[in-house]
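# Architecture and fold: a report
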Amino acid sequence: MTRPLRARRLRLPWRRAEIDPSAELGTPELGEPVAPSLEAVRVTRWSETFRAFRHRNYRLFYSGQAISLSGSWMQTVAQSWLVLQLTDSKVALGLVTMLQFLPITLFVLIAGVIADRVVKRDLILATRVLAMVQSVLLFVLVATNQVELWHVYVLAVVLGFSTAFEQPARQAFAMEMVGKDDLMNAVALNTGLFNGARVIGPSIAGVLIAVVGLEAAFFINAVSFLPTIYALLAMDMSQLHTAEAKRDGPRNAFRELGEGISYAFKTPATFLIIIVAFFIGMFGFNFLVVLPLVAKFTLEGGSVLLGFLWAALGLGAVASALVLAGGRTFRLRTIFLGGAAFSVLLTGIALSDAVPLTVVLLLALGVALTAFAATANTALQMSTPDHLRGRVMGLWMLLFAGSTPFGGYLTGFLAEEIGVREAIGFNAGLCAIGLSLALLYYVTHRAQIEATSLADVRSPG
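The present account deals with the structure reproduced in this document.

Rules behind the numbers
- Residues numbered from 1 in each chain as written.
- Predicted model: local features only at pLDDT ≥ 70, side-chain atom pairs only at ≥ 80, totals over all residues.
- Heavy atoms only, no water.
- Helix = DSSP H or I, 4+ residues; strand = E, 2+ residues; numbered from the N terminus.
- Contact = heavy atoms within 4.5 Å.
- Expected span 1.5 Å × (residues − 1).
- Buried < 20%, exposed > 50% of the residue type's maximum accessible area, 1.4 Å probe, protein only.
- Arc of directions from axis to C-beta.
- Phe/Tyr/Trp six-rings, centres within 6.5 Å; stacked < 30°, edge-to-face > 60°.
- Salt bridge = Lys/Arg side-chain N within 4 Å of Asp/Glu carboxyl O.
- Patch = residues over 30% accessible without salt bridge, like charges linked within 9 Å, V, L, I, M, F, W, Y side chains within 5 Å.
- Areas by Shrake-Rupley, 256 points an atom, 1.4 Å probe, with all protein chains shown as cover.
- Axes fitted to C-alpha atoms, helices over the stretch in contact; angles between N-to-C directions.
- Parallel < 35°, antiparallel > 145°, perpendicular 65-115°, else oblique.
- Left-handed = near helix turned anticlockwise from the far one by under 90°.
- Nonpolar A, V, L, I, M, F, W, Y, C, P; charged D, E, K, R; others polar.
- Polar contact = N/O pair within 3.5 Å; in protein donor to acceptor, adjacent residues only side chain to side chain.

## Describing the overall build of the protein
Counting secondary structure elements, the protein contains 18 helices and zero strands. Look at the contacts in the protein between residues 6 or more apart in sequence, and 87% of them connect residues 24 or more apart.

## With respect to helix α9 (residues 253–266)
End to end, α9 covers 20 Å across 14 residues, agreeing with the expected 20 Å (1.5 Å per residue, within 8%). Among the residues of α9, Glu 256, Leu 257, Gly 260, Tyr 263 and Ala 264 are the ones counted as buried. When α9 is viewed along its axis, its buried side chains cluster within an angular range of 130° and face the same direction. For α9, exposure combined with an orientation more than 90 degrees from the buried face picks out Phe 254, Arg 255 and Lys 266.

## Some points on the side chain of Arg 128
The residue Arg 128 is located in helix α5 (residues 120–143) in this model. Aside from chain neighbours lying at most four places away, what touches Arg 128 is Ser 162, Thr 163, Glu 166, Phe 225, Thr 228, Ile 229 and Leu 232.

## Looking at the packing of aromatic side chains
Here the structure, examined in full by the defined rule, presents 15 aromatic pairs. A ring pair is formed by Phe 278 and Phe 283, whose centres lie 6.5 Å apart and whose planes are at 85°; its orientation type is edge-to-face. Using a relative accessible area of 30% as the deciding quantity, one classes Phe 278 as partly exposed. Through successive ring pairs, a cluster of aromatic residues spans Phe 50, Phe 53, Tyr 58 and Tyr 62.

## Here's the deal with the pattern of salt bridges
Here the structure, examined in full by the defined rule, presents nine salt bridges. As a salt-bridge pair, Asp 116 and Arg 391 come within 2.8 Å of each other at their nearest N and O atoms. Here Arg 391 lies in helix α15 (residues 389–402) and Asp 116 lies in helix α4 (residues 90–117), a separation of 275 residues in the sequence. In this structure, Asp 116 and Arg 391 share a single accessibility class: buried. It is possible to trace a salt-bridge network through shared partners that takes in Arg 51, Arg 54 and Asp 182.

## Remarks on a nonpolar patch on the surface
Together, Val 207, Val 211, Val 212, Val 304 and Phe 308 give the surface a local cluster of nonpolar side chains, amounting to about 460 Å² of exposed area. Contributions of two or more residues to the nonpolar patch are made by α7 (183–211) and α12 (303–325). By relative accessible area, Val 304 is classed as partly exposed at 36%.

## Some points on the packing of α5 against helix α8 (residues 214–233)
Relative orientation of the contacting elements α5 and α8 amounts to 160°, with a least axis distance of 8 Å. The angle between the axes of α5 and α8 places the two elements in the roughly antiparallel class. With respect to the hand of their crossing, α5 and α8 are arranged in left-handed fashion. Its residues assigned to classes, the contact of α5 with α8 comprises 19 nonpolar, three polar and three charged.

## A word on the environment of Glu 300
Residue position: Glu 300 is located in the loop between α11 (287–298) and α12. Along the primary structure Glu 300 and Val 355 are separated by 55 residues, whereas in three dimensions their C-alpha atoms are 9.5 Å apart. The residues contacting Glu 300, other than those within four sequence positions of it, are Val 294 and Ala 295.

## Regarding the packing of α9 against helix α10 (residues 268–284)
For the pair α9 and α10, the least separation of the axes is 5 Å and the interaxial angle reads 90°. Classified by the interaxial angle, the pair formed by α9 and α10 is roughly perpendicular. Residues Tyr 263, Ala 264, Phe 265 and Lys 266 of α9 touch α10, and the partners they reach there are Pro 268, Thr 270, Phe 271 and Ile 274. Across the contact of α9 with α10, the residue classes tally to six nonpolar, one polar and one charged.

## Focus: the environment of Ile 220
Looking at the element boundaries, Ile 220 is found in helix α8. On the basis of relative accessibility, which here comes to 34%, the residue Ile 220 falls in the partly exposed class. For Ile 220, the contacting residues outside a window of four places in its chain are Met 74 and Leu 208.

## Observations regarding the side chain of Thr 370
Residue placement: Thr 370 occurs in helix α14 (residues 355–382). Here Gly 366 takes part through its backbone oxygen, which lies 3.0 Å from a polar atom of the side chain of Thr 370.

Okay, here's the thing in structure tokens:
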């Protein structure tokens, strides 16, 4: 007598199979290496939180960025407040953000092609020098009381151009500095550093602007680029984990760009991340545009309150990054749960009219956003061959940051027309829709996603 067929039970990304827990250690999830034992993981988790620091080049890079990013966040706060002082316009604030991110939209994919062709350290160095010049000009204009709104617009474009060519190279450079084994740790530490600077920079900027003036924030940012430039020049290039030699002969940039995009969209493991990155990047990440509006119009505060709001967001992100840095694995469910929590918390911020509640919600939002972004970034890099990494990370930046000219301007426009709260709530709803579409794609393509989670990393001959 034959046994009746039983329907296969669907296992969602956050559900564990009903098996012996010890067996799970030998069956990694998406992009997850085999763990030797549960006991070993417990013993080494926190001791390895900073294991990427074993690499001298990464120590140099990290230390330089620690100073520079704090200055950059100071300028972000100062620039937003400068625009509001010059215009008191929500649309103008959205427009300057659009102009700053527009070069990313236009050039980041080509920048990814260039990052795969040239020495990434040198490309990052050139962009940091350009960003320093931009900050110096902004400082001079503000300090001499000559600044006009069009100056801010033009210099925002210059900064965006620098960022567009720096970001794909920087994202892919992490692999070269630490190798595959420590990539998750480096990405988490980089994310923690980025958001730690969000704690320090805005907190100082809020007080500094109130006591000294806007020009002080721009001056400090200009000086803060010097440690980064020194760190890049002091690197030992022989210690980099570079890919095999690049192909000889003439190359077509657009053909190479098409190769990278085609890989990302045709590989289920990367396409899943692209779906979520588009919605979170376009509609979720752009809530940063309206944070000054929340401080001024919803909570009726000033630059000091804005600094604390930025700091709360960054503090939550740092805590999340340190937890992620302590592990060697990444799990698909972290992407889904982080994105879902982000949508819910963003809705809470839209409804809140109390400063303490908003601060707590921003703290939790930082945790959720970092859990999503760091895990998705690592999964994308681990699923991409070395010779395509710059191009695929260029696509990541296009979706996560290059969409800001549209999402940022839309958010500013909605805030002007229907209100700040309503604009934030609208964006939160679209993030939830995008997450649902990604989950549907996972359910219908689970086998293909798991099969392509770790790419063949051999460079083409």
